Amino acid sequence: MHGDSVPDTYVYVTEEGVTRHHADGSVDALAWEDVVEVRIAGENDAEILYILLDRDGQGCVVPRSATDATFLARLRYLPDFDVDRLSAAVDSADDSAVVVWRSPEPPSALPDLEYD
């Protein structure tokens, strides 16, 4: 079809994990069992980012514009995930990342990350 634009990113959520396919062909993926931290951040253009990290600080950055109810529902399966805390962080998101969930057994420290 002519004239249809291709989205910058695709996000796939399964029972096993989340995968983000970028327009340049690169892929970020993380298994749910490896997620130890969830952060929320905003960008200057008001896009909200969900940042999922593993024990090594590697992860998957998911733009809210690329999510659906399946992604948010799957976050609720994380142990003791607080949906109210997530909502509050989204409502007040700015350029800094805010931790909204940590694994009950997180690593000693995760690095500060730059995200895109």
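Our subject is the structure listed above.
To start, this report covers the structure provided alongside it. (Residues numbered from 1 in each chain as written. Predicted model: local features only at pLDDT ≥ 70, side-chain atom pairs only at ≥ 80, totals over all residues. Heavy atoms only, no water.)

## So, the sheet that holds strand β1 (residues 9-13)
One key point about sheets: their strands pair by backbone hydrogen bonds, in either a parallel or an antiparallel sense.
Move 1: The strand order across the open sheet formed by three strands is β1-β2-β3, and the pairing between neighbours is antiparallel. With partners counted over all chains shown, the strands left at the sheet margins are β1 and β3 (27-31), one partner each. Strand-to-strand twist across the sheet, computed as the mean angle between neighbouring axes with direction ignored, equals 10 degrees.
Move 2: Pairing of strand β2 (residues 17-22) with β3 involves five bridges; the strand directions are antiparallel. Bridge pairing links G17 to A31 in β3. (Pairing = 2+ DSSP bridges. Helix = DSSP H or I, 4+ residues; strand = E, 2+ residues; numbered from the N terminus. Axes fitted to C-alpha atoms, helices over the stretch in contact; angles between N-to-C directions.)

## Observations regarding the environment of A46
Move 1: Residue position: A46 is located in the loop between β4 (37-42) and β5 (48-53).
Move 2: Remark: the alpha-carbon pair of A46 and A93, spanning 47 residues in sequence, is separated by 8.5 Å.

## Focus: the environment of C60
Move 1: Position of C60 relative to the elements: it lies in strand β6 (residues 59-63).
Move 2: Take C60: its relative accessible area is 0%, and that puts it in the buried class.
Move 3: Sequence separation between C60 and V18 is 42 residues; the distance between their C-alpha atoms is 7.6 Å.
Move 4: Each residue touching C60, except ones within four places of it in the same chain, is listed here: V18, R20, D28, L30, Y50, I51 and L52. (Buried < 20%, exposed > 50% of the residue type's maximum accessible area, 1.4 Å probe, protein only. Contact = heavy atoms within 4.5 Å.)

## As for the pairing of β1
Move 1: The pairing of β1 with β2 spans five bridges and is antiparallel. The partner of Y10 across the bridge, within β2, is H21.
Move 2: Between β1 and the antiparallel strand that follows it, β2, lie three residues.

## What about the nonpolar core?
A general feature of soluble globular proteins is that nonpolar side chains tend to end up buried together.
Move 1: In terms of nonpolar packing, the biggest core is built from 22 residues, with V38, L52 and L75 touching the most fellow members.
Move 2: Of all the secondary structure elements, the ones that give two or more residues to this core are β4, β5, β6, α1 (69-75), α2 (83-91) and β7 (98-102).
Move 3: In this structure, A41, L49, L53 and V61 belong to the second largest nonpolar core, which totals five residues. (Core = buried A, V, L, I, M, F, W, Y, C linked by side-chain atoms within 4.5 Å.)

## Thoughts on the side chain of R74
Move 1: Inspection of the secondary structure puts R74 in helix α1.
Move 2: The side chain of R74 is buried and forms no salt bridge, while E15, the nearest opposite charge, is found at 4.4 Å.
Move 3: Once you skip the residues sitting within four places of it in the chain, R74 turns out to touch V13, E15 and W32. (Lys, Arg positive; Asp, Glu negative; His and termini not counted. Salt bridge = Lys/Arg side-chain N within 4 Å of Asp/Glu carboxyl O.)

## Examining unusual backbone geometry
Comment: phi is negative for the bulk of residues other than glycine, and the bulk of peptide bonds are trans.
Move 1: Even without glycine at this site, D80 takes up a positive phi of about 60 degrees.
Move 2: Among the secondary structure elements, D80 is positioned in the loop between α1 and α2.
Move 3: A residue is classified by how much of its surface remains accessible, and D80, at 72% relative accessible area, is exposed.

## Looking at the sheet that holds β4
Move 1: On the basis of which strands lie adjacent, the open sheet formed by four strands has the order β6-β5-β4-β7 and antiparallel pairing. Single-partner strands in this sheet number two, and they are β6 and β7. Ignoring strand direction, the axes of neighbouring strands in this sheet form an average angle of 20 degrees.
Move 2: As paired elements, β4 and β5 share six bridges and run antiparallel to each other. Following the sheet pairing, V38 is matched in β5 by L52.
Move 3: Here α2 sits on the sheet in contact with β4, β5 and β7, set at roughly 165 degrees to β7.

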